[in-house]
Amino acid sequence: MFPAWLRCRHTGVCTYEFGSIVSKTLWKERPVVTAKAAGIPMQFPEPFHKNLVESVEGYAARVLDLLTRPGERGKFDRSGRGYVGKHFLLLRVLRDELRLIKQVVRTA
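Everything quoted here is computed from the prediction, not taken from an experiment.

**Topic: the overall build of the protein chain**
Secondary structure assignment for the protein chain yields 5 helices and 3 strands. Beginning at the N terminus, the succession of helices and strands in the protein chain can be written as α-β-α-β-β-α-α-α. Taken over 108 residues, the protein chain has a buried fraction of 33%. Across the protein chain, contacts joining residues at least 24 apart in sequence account for 42% of those joining residues at least 6 apart. Entry remark: accessible area of the protein chain is about 7,300 Å², with carbon and sulfur atoms responsible for 62%.

Printed below as a string of structure tokens:
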């Protein structure tokens, strides 16, 4: 089996099974196919939950589908980066904190 980074580089479809690497890959505008486990589903934009698979056969089918339909890969790329930017970057945390401060100041 080739390492994930090598598969990703040559096929344009990344497959991972753990953690924040999913968000990092989405930020780099690469489609991801991964297991439906732990906190991974919350890192995916809703329309692309079909890329969360539960079997080896599911991996194979989904990767082949993405390789044969480049238009869908492009949609995933743009949506993934936007989703990560909106939900997981430090700027989102800062925005949430500023909203909280604004609410506190208004009620005081």
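**Topic: the pattern of salt bridges**
Going through the model one piece at a time under the given rule, you end up with 5 salt bridges. Its salt-bridge partner being Asp-65, residue Arg-69 comes within 3.4 Å of it at the nearest N-O pair. Arg-69 gets classed as partly exposed once you look at its relative accessible area, which sits at 39%. On the basis of relative accessible area, Asp-65 is assigned to the partly exposed category, the value being 23%. The closest approach of N and O atoms between Asp-96 and Arg-99, which form a salt bridge, is 3.9 Å. Separated by 3 residues within a single helix, Asp-96 and Arg-99 lie in helix 5 (residues 90-107), roughly one turn from each other. In this structure, a network of salt bridges that share partners links the residues Arg-62, Asp-65 and Arg-69.

**Details of the nonpolar core**
Formed by Val-22, Leu-26, Val-32, Ile-40, Phe-44, Phe-48, Leu-52, Phe-76 and Val-84, the largest nonpolar core amounts to 9 residues. The residues contacting Val-84, other than those within four sequence positions of it, are Ser-23, Leu-26, Trp-27 and Leu-89. Counting residues in hydrophobic clusters, the runner-up holds 6 residues, among them Val-33, Ala-35, Val-63 and Leu-66.

**Some thoughts on helix 3 (residues 56-68)**
Over its 13 residues, helix 3 runs 18 Å from end to end, which matches the ideal 18 Å to within 8%, given 1.5 Å per residue. Buried within helix 3 we find Tyr-59, Arg-62, Val-63 and Leu-66. Down the axis of helix 3, the smallest arc covering the buried residues is 100°, so these residues share one side. Structural note: helix 3 exposes Glu-57, Leu-64 and Thr-68 on the side pointing more than 90 degrees away from its buried face.

**As for the confidence of the model for the protein chain**
Summing up the model confidence of the protein chain, the mean pLDDT is 77 and the portion of residues at 70 or higher is 82%. Within the protein chain, helix 1 (residues 4-11) has the poorest average pLDDT of any element, 48, and helix 3 the best, 89.

Procedures and definitions
- Residues numbered from 1 in each chain as written.
- Predicted model: local features only at pLDDT ≥ 70, side-chain atom pairs only at ≥ 80, totals over all residues.
- Heavy atoms only, no water.
- Helix = DSSP H or I, 4+ residues; strand = E, 2+ residues; numbered from the N terminus.
- Buried < 20%, exposed > 50% of the residue type's maximum accessible area, 1.4 Å probe, protein only.
- Contact = heavy atoms within 4.5 Å.
- Areas by Shrake-Rupley, 256 points an atom, 1.4 Å probe, with all protein chains shown as cover.
- Salt bridge = Lys/Arg side-chain N within 4 Å of Asp/Glu carboxyl O.
- Core = buried A, V, L, I, M, F, W, Y, C linked by side-chain atoms within 4.5 Å.
- Expected span 1.5 Å × (residues − 1).
- Arc of directions from axis to C-beta.
- pLDDT = per-residue confidence, 0-100.

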